[in-house]
Amino acid sequence: MRLPPAGTIEVAPSILSADFGKLASEIAEVAAAGVKIVHLDVMDAHFVPNLTVGPPVIAKLRKHSDLVFDSHLMISEPARYVEAFAKAGVDHITFHIEVADDPDGMVARIRDLGCTAGITLNPETPVRAIEKVAPLCDMVLVMTVRPGFGGQQFMPEAARKIVDLRKIVGPDVRIEVDGGIDPDTAPIVVSYGADTLVAGNAIFGQPDRAAAIDAIRKACR
Ligand code: DX5
Ligand code: ZN
């Protein structure tokens, strides 16, 4: 599965707010609502103070879903684990600039493993930290909360970095936003130039996931 080419608005539900006891059916539910991408939050209890899933769980989920697996590695040593995630069947790998020794090399390695590549930055990290590597990526992720937990409040100042990033990467690289995205904040980030909207609590925190996805889409029209 490949990321859709840039230019369309895509909602990417984040499993972080899903029921981890039945992840496959949770993912099937958002797939039935027409999303193309599912966002998999990987945490190591070191880069962030929380722990989620790793390659073994993702490999099992892969058998149950044809969605684009968008993995967001919130881990201290991404270089050590990218191969395991690629083998588990993720399609896209995003790593954090804060822990990247050789970001350009990492993008090349992710591509060699058959995946598309993404860089991301924490709310406190300035755009200039990724200005060189961002144009080399397929998708750039802007964090609008501090990574680690779902259901946090959207940080408007962090979102404004999208405007500068869009100028840097041009129209052909996706810009994804992660943190506090809901029908109120989604149109703001789309107006700044984002096209890929991660939402955890605003989708999996709602009883009717299809209606929740639709509400985000409609708010951006
Ligand atoms: C936060 C994760 C997000 C999270 C977003 O560390 O990277 O993907 O699930 O959750 P919401 O949409 O609830 O802010
Ligand atoms: Zn995420």
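Whatever comes next refers back to the structure up there.
Draft legend 1. The arrangement of the pattern of salt bridges in detail. Per the stated rule, a full pass over the model turns up 14 salt bridges. The partner of R146 in a salt bridge is E124, and the shortest N-O contact between them spans 2.4 Å. Of the two residues, R146 sits in the loop between β6 (139-143) and α5 (156-159) while E124 sits in the loop between β5 (116-121) and β6, which places them 22 residues apart along the sequence. Of the residues examined, R146 reaches a relative accessible area of 48% and is grouped as partly exposed. Across the pair D195 and R174 runs a salt bridge whose closest N-O atoms are separated by 3.5 Å.

Draft legend 2. Structural context of the coordination of the zinc ion (ligand 2). Around the zinc ion (ligand 2), the protein contributes the donor atoms H39 (NE2), D41 (OD), H72 (ND1) and D178 (OD), at 2.1 to 2.3 Å from the metal centre. Every donor counted, the 6 donor atoms about the zinc ion (ligand 2) form angles of 70 to 168° at the centre, which fits octahedral coordination. Written as a sequence motif, the donor arrangement for the zinc ion (ligand 2) is H-x1-D-x30-H-x105-D. You can see D41 sitting in strand β2 (residues 37-43) and its partner H72 sitting in strand β3 (residues 68-74), a full 31 residues away along the chain. Both residues of the pair, D41 and H72, count as buried.

Draft legend 3. View of the packing of aromatic side chains. In the structure shown here, the tally under the stated rule is 0 aromatic pairs. Lying over the aromatic face of F69, R62 brings its terminal NZ or CZ to 3.7 Å of the ring centre.

Draft legend 4. The arrangement of the site of ligand 1 in detail. Taken together, 20 residues lie around ligand 1, and S14, D41, G148, D178 and G200 are the ones closest in. Contact between ligand 1 and D178: an oxygen atom at 2.6 Å from a side-chain N or O atom of the residue. G180 is positioned such that a nitrogen or oxygen atom in its backbone is 2.8 Å from an oxygen atom of ligand 1. For ligand 1, the accessible surface in isolation is 380 Å², of which the surrounding protein chains cover 99%. In a pocket analysis with a 2 Å cut-off to the grid points, ligand 1 is assigned to the largest pocket. Elements with a minimum of two residues in the shell around ligand 1: β2, β3 and β8 (196-199). Per element, the largest residue contribution to the shell around ligand 1 is 3 residues, and it comes from β2.

Draft legend 5. Region of the structure containing the side chain of H39. With respect to the secondary-structure elements, H39 resides in strand β2. A distance of 3.0 Å separates the side chain of H39 from the side chain of D41, its partner in a polar contact. A polar contact of 2.9 Å, which involves the side chain of H39, links it to the side chain of D70. When near neighbours in sequence (up to four residues on either side) are disregarded, H39 contacts A12, P13, S14, I15, D70, H72, L141, E176, D178 and V198.

Draft legend 6. Spatial organisation of the packing of helix α3 (residues 78-88) against helix α4 (residues 103-112). One way to put it is that α3 packs onto α4 with a least axis distance of 10 Å and a crossing angle of 15°. Taken together, the axes of α3 and α4 lie roughly parallel to each other. With respect to the hand of their crossing, α3 and α4 are arranged in right-handed fashion. Facing P78, A79, V82 and E83 of α3, the residues of α4 in contact are M106, R109 and I110. Taken together, the residues that form the contact of α3 with α4 break down as 5 nonpolar, no polar and 2 charged.

Draft legend 7. Focus on the nonpolar core. Counting residues in hydrophobic clusters, the biggest one holds 61 residues, and the most contacted among them are I58, I130, V140 and V189. Counting residues per element, this core draws most heavily on α3, which supplies 4 residues. In this view, I130 contacts I97, I119, L121, P135, V140 and L165; residues no more than four positions away in its chain are not counted. Membership of the second largest hydrophobic core comes to 6 residues, among which are L3, A12, I37 and V68.

Quick notes on the rules
- Residues numbered from 1 in each chain as written.
- Chains lettered and ligands numbered in written order.
- Predicted model: local features only at pLDDT ≥ 70, side-chain atom pairs only at ≥ 80, totals over all residues.
- Heavy atoms only, no water.
- Salt bridge = Lys/Arg side-chain N within 4 Å of Asp/Glu carboxyl O.
- Helix = DSSP H or I, 4+ residues; strand = E, 2+ residues; numbered from the N terminus.
- Buried < 20%, exposed > 50% of the residue type's maximum accessible area, 1.4 Å probe, protein only.
- Donors = N, O, S within 2.8 Å, 3.2 Å for Na, K, Ca; no water.
- Tetrahedral: all angles 85-135°; square planar, octahedral: opposite > 155°, others 65-115°.
- Phe/Tyr/Trp six-rings, centres within 6.5 Å; stacked < 30°, edge-to-face > 60°.
- Lys NZ or Arg CZ within 6 Å of the ring centre and 35° of its normal.
- Near = heavy atom within 4 Å.
- Polar contact = N/O pair within 3.5 Å; in protein donor to acceptor, adjacent residues only side chain to side chain.
- Areas by Shrake-Rupley, 256 points an atom, 1.4 Å probe, with all protein chains shown as cover.
- 1 Å grid on protein atoms, 1.4 Å probe; cavity = no way out; pocket = protein on both sides within 12 Å on 5 of 7 lines; lining within 4 Å.
- Sits in = over half its atoms within 2 Å of the grid points.
- Contact = heavy atoms within 4.5 Å.
- Axes fitted to C-alpha atoms, helices over the stretch in contact; angles between N-to-C directions.
- Parallel < 35°, antiparallel > 145°, perpendicular 65-115°, else oblique.
- Left-handed = near helix turned anticlockwise from the far one by under 90°.
- Nonpolar A, V, L, I, M, F, W, Y, C, P; charged D, E, K, R; others polar.
- Core = buried A, V, L, I, M, F, W, Y, C linked by side-chain atoms within 4.5 Å.

Remember, this is a structural readout, not a statement about activity or role.
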